[in-house]
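Chains, contacts and geometry: an overview
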Amino acid sequence: MKKRQRIKKNDDFQRVFKKGKSFANRQFVVYCLPKEDQSEFRIGLSVGKKIGKAVTRVQVKRYLRQVFLELKDEIRQDMDYVIIARNPAATLDFHETKKSIEHVLKIAKVLKRK
């Protein structure tokens, strides 16, 4: 993921939380906010301390970044996404994480395929 594709500032996170729509399953909550003036999507990740120790949290973030990297051609580009990991996300391997994120994105209707 490139730096310009990440949401880092608290103001940006809050804007997505307040104005965006949320979609969830057992492992993840995804907030989506359309933005007309940007050419590629941005993602923000939130993995709290309840998920586990630092190693586990970093692993979950890596999996999420990789999933979005693999799905970049199938995801709507004019959006900001904030992903919040829930407790069960700590036990998932990469393929389960990808399947779960695809499920939530299908619910949100932002995937181009399927």
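Residues numbered from 1 in each chain as written. Predicted model: local features only at pLDDT ≥ 70, side-chain atom pairs only at ≥ 80, totals over all residues. Heavy atoms only, no water.

**Concerning the side chain of Gln38**
- With respect to the helices and strands, Gln38 occurs in the loop between strand 2 (28–34) and strand 3 (42–46).
- Among the polar contacts listed, one links the side chain of Gln38 to the backbone oxygen of Glu40, at a separation of 3.4 Å.
- Polar contacts involving the side chain of Gln38 include one to the main-chain carbonyl oxygen of Met79, which spans 3.0 Å.
- If we skip the residues at most four places from it in the chain, Gln38 touches Gln77, Asp78, Met79 and Asp80. (Helix = DSSP H or I, 4+ residues; strand = E, 2+ residues; numbered from the N terminus. Polar contact = N/O pair within 3.5 Å; in protein donor to acceptor, adjacent residues only side chain to side chain. Contact = heavy atoms within 4.5 Å.)

**Looking at unusual backbone geometry**
- In this structure, Lys109 takes a positive phi of about 60° despite not being glycine.
- As for its placement among the helices and strands, Lys109 is situated in the segment after helix 3 (94–108).
- Exposure remark for Lys109: the relative accessible area of 69% places this residue in the exposed category. (Buried < 20%, exposed > 50% of the residue type's maximum accessible area, 1.4 Å probe, protein only.)

**Some words on the packing of aromatic side chains**
- Across all of its chains, the model carries six aromatic pairs by this definition.
- Geometrically, the ring pair formed by Phe17 and Tyr31 is edge-to-face, given 4.8 Å between the ring centres and 80° between the ring planes. Here the residue Phe17 occupies a position in helix 1 (residues 10–19), and Tyr31 occupies one in strand 2, the gap between them amounting to 14 residues.
- Seen from their ring centres, Tyr63 and Phe94 are 5.9 Å apart, and the 65° between their planes marks the pair as edge-to-face. Remark: Phe94 occurs in helix 3 and Tyr63 occurs in helix 2 (residues 54–70); sequence separation between them is 31 residues.
- Here Phe94 falls in the buried class, since its relative accessible area comes to 17%.
- The structure contains a cluster of three or more aromatic residues connected by ring pairs, namely Phe13, Phe17 and Tyr31. (Phe/Tyr/Trp six-rings, centres within 6.5 Å; stacked < 30°, edge-to-face > 60°.)

**Some thoughts on the pattern of salt bridges**
- By the definition in use, this model includes seven salt bridges.
- With a shortest N-O distance of 3.3 Å, Arg76 and Asp78 are connected by a salt bridge.
- Via salt bridges that share partners, Asp12, Arg15, Lys35, Arg42 and Asp80 belong to a single interconnected network. (Salt bridge = Lys/Arg side-chain N within 4 Å of Asp/Glu carboxyl O.)

**Considerations on the nonpolar core**
- Counting 27 residues, the largest nonpolar core has Phe28, Phe68, Ile75, Tyr81, Ile83, Ile101 and Leu105 as its most contacted members.
- Listing elements by their share of this core, those giving two or more residues are strand 2, strand 3, helix 2, strand 4 (79–85) and helix 3.
- With five residues, helix 3 is the single largest residue contributor to this core. (Core = buried A, V, L, I, M, F, W, Y, C linked by side-chain atoms within 4.5 Å.)

**A closer look at the pairing of strand 2**
- The buried fraction of strand 2 amounts to six of the seven residues, a majority that puts the element mostly inside the structure.
- Looking at chain direction, strand 1 (residues 21–24) and strand 2 are connected through four bridges and run antiparallel. For Ser22, the partnering residue across the bridge sits in strand 2 and is Tyr31.
- The turn linking strand 1 back onto strand 2 is made up of three residues. (Pairing = 2+ DSSP bridges.)

**Brief notes about helix 1**
- Buried residues of helix 1: Asp12, Phe13 and Val16, and no others. The arc that holds the buried residues of helix 1, viewed along the axis, is 100°, so those residues lie on one side. Exposed residues on helix 1 whose side chains face more than 90 degrees from its buried face are Asn10, Asp11, Lys18 and Lys19. (Arc of directions from axis to C-beta.)

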